[in-house]
Amino acid sequence: MSNQTESCLVGLVGEGVMPSLTPPMHEREGDVQGLRYLYRPIDLLELGLHGEAVGGILQSARILGFNGLNITHPCKQLVLEHLDEITPDARRLGAVNTVLIRDGRFIGHNTDFSGFASALASGLPGAALDRVVQLGAGGAGSAVAYALLTAGVRVLDLVDVDPMRAEARAAELAGFFPASTVTARTTAELPQLMRAADGLVHCTPVGMAAHPGVPLDLDLLEPRHWVADIVYRPIDTELVRAARAKGCDVLDGGRMAVGQAADAFRIFTGLDADPDRMRSHFLELVAAEEVAA
């Protein structure tokens, strides 16, 4: 940590963050690496605070000696005006989910995009990237689309229930990646899109415990497709199970969650996390949750 100290104090700011698996993942990795690592959830709902309080929380964290904060809904955009420096990728995305506090300054990063990028590279090495269909163009979808284009996707078809959101996101991304083609599509076009696609990436809430189901007609999946889901509660969504059963190469949502955590750990500590070790611990945590439920 600017660097290497023997302790690290980190927080997670957002609404409903108490059940997050990020704190135990970070703390376990810190333990293994010989760090005194304390990661505290700072839940706005529990504290009766609104997202606009994030600026004051940053100031308090600096005074209290925090090394950094992870930032989640609804503060990823609200935090921007309070930062001293923002990485180019985070600025392009217009969202920050990791703030390093160093020498009294706030430095904003985005590990949503980098976490998915590392997940794709490690979990689906050599995946064909000529044409990819992405379902969902919201906040997480924006970061994932950016990661896909950074990885070299030639044609990215964005499908969203809100056509205007898909069009705005496609236009923005096309400006950042002029060598690629980014299109805004509708769900009605999925049959023809999937026939041309190498892979499918899912970035909507469908498949979460509170939103069961699948985001598209499973008959559109072919064994030649690779399929990536960013939902990780449950880890084996209905989409993931169906894709595996069809013989597709699959990337479950836990890969992105671990990728985000590993990148944030490195930003906070200056030490490289072991992603395989973090994934093993993550799967333990998810299994324990499912047993408890």
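Let me begin by describing the structure that accompanies this report. Sequence order sets the numbering: in each chain, residues are counted from 1 along the sequence as written. Reporting in this predicted model follows two pLDDT cut-offs: at least 70 for local features of residues, and 80 or more for side-chain atom pairs to be given and counted; totals over whole chains, interfaces and linings ignore these cut-offs and use all residues. Values shown for side chains rest on all heavy atoms present in the structure; no hydrogens or waters enter the calculation.

**Quick notes on the layout of surface pockets**
One way to see where empty space is left: roll a probe the size of a water molecule over the atoms.
Stage number 1. Here the second largest pocket defines a volume of roughly 170 Å³.
Stage number 2. Note on definitions: the grid is 1 Å and covers protein atoms alone; a cavity is a set of points where a 1.4 Å probe fits but cannot get out; a pocket is an open set with protein on both sides within 12 Å along at least five of seven lines; lining residues have an atom within 4 Å of a point. Along the walls of the second largest pocket sit Ser118, Ala119, Ser122, Arg255, Val258, Gly259, Ala262, Asp263, Pro275, Asp276 and Arg279, which together make up its complete lining.
Stage number 3. Only DSSP runs of H or I with at least four residues qualify as helices, and only runs of E with at least two residues qualify as strands; both kinds are numbered from the N terminus onward. Examining the composition of the lining of the second largest pocket, we find that five residues originate from one element, helix α10 (residues 253–269), more than from any other.
Stage number 4. Taken together, the residues of the lining of the second largest pocket break down into four nonpolar, three polar and four charged. Grid points are joined across faces, edges and corners, and a volume is the space filled by probe spheres set on the points. We call Asp, Glu, Lys and Arg charged. Ala, Val, Leu, Ile, Met, Phe, Trp, Tyr, Cys and Pro are nonpolar, and the rest, Gly among them, are polar.

**Examining the pairing of strand β5 (residues 98–102)**
Stage number 1. Any residue under 20% of the maximum accessible area for its type is buried, any over 50% is exposed, and the rest in between are partly exposed; the area is computed with a 1.4 Å probe on protein chains only. With four of five residues buried, β5 is to be regarded as a mostly interior element.
Stage number 2. Pairing of strand β3 (residues 68–71) with β5, which is carried by three bridges, proceeds in the antiparallel orientation. Note on β5: the bridge partner recorded for Asn70 is Thr98.
Stage number 3. DSSP-based pairing: two strands are paired if at least 2 bridges between them are found. Judged from the five bridges that link them, β5 and strand β6 (residues 105–109) form a sheet pairing that is antiparallel. Paired with Ile101 across the strands is Phe106, a residue of β6.
Stage number 4. Between the end of β5 and the start of β6, which pair antiparallel, lie two residues, with Asp103 showing a positive phi angle near 55°.

**Side note on the nonpolar core**
Stage number 1. Counting 29 residues, the largest nonpolar core has Phe116, Val144, Leu148, Leu156, Leu173, Val201 and Trp226 as the members making the most contacts within it.
Stage number 2. Elements with a minimum of two residues in this core: α5 (111–123), α6 (139–150), β8 (155–159), α7 (163–176) and β11 (226–229).
Stage number 3. Trp226 has contacts with Leu120, Leu124, Ala127, Ala128, Leu129, Val132, Leu148, Asp198, Gly199, Leu200, Val201 and Asp249, leaving out every residue within four places of it along the chain.
Stage number 4. For our purposes a nonpolar core is just a set of buried Ala, Val, Leu, Ile, Met, Phe, Trp, Tyr and Cys residues, chained together by side-chain atoms within 4.5 Å. The next biggest cluster of nonpolar side chains, apart from the first, holds 23 residues, and it includes Cys8, Leu35, Ala262 and Met278. Here, residues are in contact when the closest pair of their heavy atoms is within 4.5 Å.

**Comments concerning the sheet that holds strand β7 (residues 131–135)**
Stage number 1. Here we have six strands laid out as an open sheet, ordered β9-β8-β7-β10-β11-β12, and parallel in their pairing. At either margin of the open sheet sits one strand with a lone partner, and together these are β9 (181–185) and β12 (249–251). Shown here is a sheet whose adjacent strand axes are inclined to one another by a mean of 15°, direction ignored.
Stage number 2. Bridge count for strand β10 (residues 199–202) against β11 is four bridges, and the pairing is parallel. Within β11, the position partnered with His202 by the bridge is Asp229.
Stage number 3. Here an axis means a line fitted to C-alpha atoms, over the contact stretch when the element is a helix, while the angle between two N-to-C directions is reported on a 0 to 180 degree scale. α7 rests against β8 and β9 of the sheet, and its axis sits at about 175° to β9.

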